[in-house]
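Coordinate analysis (summary)
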Amino acid sequence: MSIQIDQVNKFYGQFQALHDVSLTIPEGQITALLGPSGSGKTTLLRIIAGLENAEQGRILFGGEDISQLHVRDRNVGFVFQHYALFRHLTVAQNIAFGLESLPKKQRPPKPEIRATVARLLEMIQLPHLANRYPAQLSGGQKQRVALARALATKPRILLLDEPFGALDARVRKDLRRWLRNLHDEFHFTSVFVTHDQEEALELSDQVVVMSHGRVEQVNAPTELYARPESRFVFDFLGQVNEFSGQLRDGRLVQGDAWVRLPESPAGSEAQLYLRPHEVRLTSEPSEQAHFPFCIEAVSLIGSEVRVELKAQGWQSEDVWEVGISHAEFNRRQPRRGDRCYAVPDIGHLFAEGQDQPRTISWGDSA
Ligand code: ATP
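These numbers were taken from a predicted model, which means no experiment stands behind them. (Residues numbered from 1 in each chain as written. Predicted model: local features only at pLDDT ≥ 70, side-chain atom pairs only at ≥ 80, totals over all residues. Heavy atoms only, no water.)

Some points on the overall build of the chain
Stated formally: Only DSSP runs of H or I covering at least 4 residues are called helices, and only runs of E covering at least 2 are called strands; the numbering of each starts at the N terminus. Relative accessibility decides the category of a residue: with a 1.4 Å probe and only protein chains considered, values under 20% of the type maximum give buried, values over 50% give exposed, and everything between is partly exposed. Contact criterion: two residues are considered in contact whenever any of their non-hydrogen atoms come within 4.5 Å of each other. Only the protein chains shown count as cover for residues, and the accessible areas themselves come from Shrake-Rupley with a 1.4 Å probe. Charged residues are defined narrowly, with Lys and Arg counted positive, Asp and Glu counted negative, and His plus the chain ends left uncounted. Charge positions are represented by NZ for Lys, CZ for Arg, CG for Asp and CD for Glu.
A count of helical and extended segments in the chain gives 9 helices and 22 strands. A principal-axis box enclosing the C-alpha atoms of the chain has dimensions of 80 × 45 × 35 Å. Per-residue burial over the chain gives 48% buried out of 366 residues. Of the contacts formed within the chain by residues at least 6 apart in sequence, a portion of 64% connects residues at least 24 apart. Carbon and sulfur atoms make up 46% of the accessible area of the chain, which amounts to about 18,100 Å² in all. Within the chain, one finds 41 positive and 46 negative side-chain charges whose respective centroids are separated by 9 Å.

As structure tokens, this is what we get:
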């Protein structure tokens, strides 16, 4: 079931929490609502659920306007970060709850409810814990039970608000993978709220970036990462190295640092944004770029080595970060205090007064 959000405005008293939000959430996909605290993600999710009303605008499920429909008639499942399972009910009873509390006419017969619960317990891989109480479960297990409970009534739409927020990194990762597989199998439409860009990029088919109650950009994760349409989205999606300078003779210059630009934009100033994997480290400057640095820190984290760099002879607001492979680390053996140069392969140039960047590729020439 697809969801359409049509020109929704939401006010809390004088404060406008959502500004003219329009959005299509495709059927059978996972959509992430991503943004900083207070950007309106939860408000939008609650409006989709029917837990909150919008002053203006419409919500359509599968093309049908359900804006006036009560939450219980929308057939949506919820999972929240601190979704309190019923403490006095066992895991199996928690999962059965939604079905047991249906009006008599709609309630399936007891054997059918038992079969559904057994199937859901298999699906969340917890059949052996059917008779435990919530207090006897780990955080990850509780969230899986919450998910099974939300799915018991076969909702057309599943809404998740920071579902893994309270869990540790490892459990989060497992649960994400598991939710993804579940989704591929059952094809419900999911919307989840997160402020964690890694979670959004990893789990979803579509990411909606929000800021101050507005939609900034909607894209598939790879597109969003490759082509952020504004400074806000760029800044929000992970680490970025920034170089601000003056445009002079086809170069962007600041202090001792400069980079050649294939085409000079209009204006006298510009900013170049570079992602950590779009920059290489060399011991000599190249003909295309001169970014002198002193190595500040080297950390071996996971699949790559992160090198932190302090600008030498020019000003950078933040320390730069460059990611290199373990093979390169072993070859170069970079150490704290070493001098080196950064050479960009790809950069994103924000010209004066423009919010949309132009992507530059120096290719092999750099
Ligand atoms: P977070 O990641 O911190 O949960 P969010 O992006 O989900 O943030 P919302 O909870 O949707 O943001 O809140 C959006 C804005 O609306 C915030 O400025 C918040 O203070 C305000 N807001 C939310 N609920 C209410 C309310 N019931 N009354 C008044 N203001 C509210």
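Let's pick the thread back up.
Here's the deal with unusual backbone geometry
Located in the positive-phi region is Gln7, a residue other than glycine, with phi close to 50°. Residue placement: Gln7 occurs in strand β1 (residues 3–12). Assessed through its relative accessible area of 45%, Gln7 is described here as partly exposed. The phi torsion at Glu162 lies on the positive side, around 45°, for a residue other than glycine. Here Glu162 is to be found in the loop between β7 (157–161) and α5 (169–186).

Side note on α5
Definition in use: In a helix, the anticipated span is given by 1.5 Å times the number of residues less one.
Its 18 residues give α5 an end-to-end C-alpha distance of 26 Å, which sits within 8% of 26 Å, the value for a rise of 1.5 Å per residue. The complete set of buried residues in α5 reads Arg172, Leu175, Arg176, Trp178, Leu179, Leu182 and His183. On its buried face, α5 sits against β3 (30–34), α3 (110–123), α4 (139–151), β7, β8 (189–194) and α6 (197–203). Positive phi appears at His187, one or two residues downstream of α5, with a value of about 55°.

Some points on the site of the ligand
Let me state the cut-off plainly: Summary of the distance rule: residues count as near a molecule or strand when at least one heavy atom falls within 4 Å of that molecule or strand. Here a polar contact means two N or O atoms within 3.5 Å. Within protein one must be a hydrogen donor candidate and the other an acceptor candidate, and residues neighboring in sequence count only if both atoms are side-chain atoms. The nonpolar class holds Ala, Val, Leu, Ile, Met, Phe, Trp, Tyr, Cys and Pro. Asp, Glu, Lys and Arg form the charged class, and all remaining residues, Gly among them, are polar.
Near the ligand the following residues occur: Tyr12, Phe15, Ala17, Pro36, Ser37, Gly38, Ser39, Gly40, Lys41, Thr42 and Thr43. In this structure, Ser39 approaches the ligand through a main-chain N or O atom, which is 3.0 Å from an oxygen atom. Relative to its unbound accessible area of 640 Å², the ligand is 57% covered by the protein chains. Broken down by secondary-structure element, the contributors of at least two residues to the shell around the ligand are β2 (15–25) and α1 (41–49). The biggest single contributor to the shell around the ligand is α1, with 3 residues. When grouped by side-chain class, the residues that make up the shell around the ligand number 4 nonpolar, 6 polar and 1 charged.

Quick word on the sheet that holds β2
The following threshold applies: Pairing between strands requires that DSSP locate at least two bridges from one strand to the other.
As summarised here, the arrangement of the 4 strands in space is β2-β1-β4-β5, forming an open sheet in which the pairing is antiparallel. Looking at the sheet topology across the chains shown, the edges are occupied by β2 and β5 (64–65).

Some points on the confidence of the model for the chain
Heads up, the condition is: One number per residue, pLDDT, summarises how confident the predictor is, and it ranges from 0 to 100.
Across the chain, pLDDT averages 90, with 98% of residues at or above 70. Here α5 stands out as the least confident element of the chain, with mean pLDDT 80; β1 is the most confident, with 97.

Structural notes on the pairing of β8
For β8, the buried fraction is high: 6 of the 6 residues fall into the buried class. In this sheet, β8 lies alongside β3 in parallel orientation, the contact comprising 5 bridges. When the bridges of β8 are listed, Leu33 appears paired with Val193. Note: β7 against β8, 5 bridges, orientation parallel. What sits directly across from Leu159, in β8, is Val191.

Examining the environment of Asn219
Tracing the backbone through its elements, the reader meets Asn219 in strand β10 (residues 214–219). Linking Asn219 and Gln206, residues 13 residues apart in sequence, is a C-alpha distance of 5.5 Å. Setting aside anything within four residues of it in sequence, one finds Asn219 in contact with Gln206, Val207, Leu224 and Glu229. A polar side-chain atom of Asn219 sits 2.8 Å from a polar atom in the side chain of Gln217.

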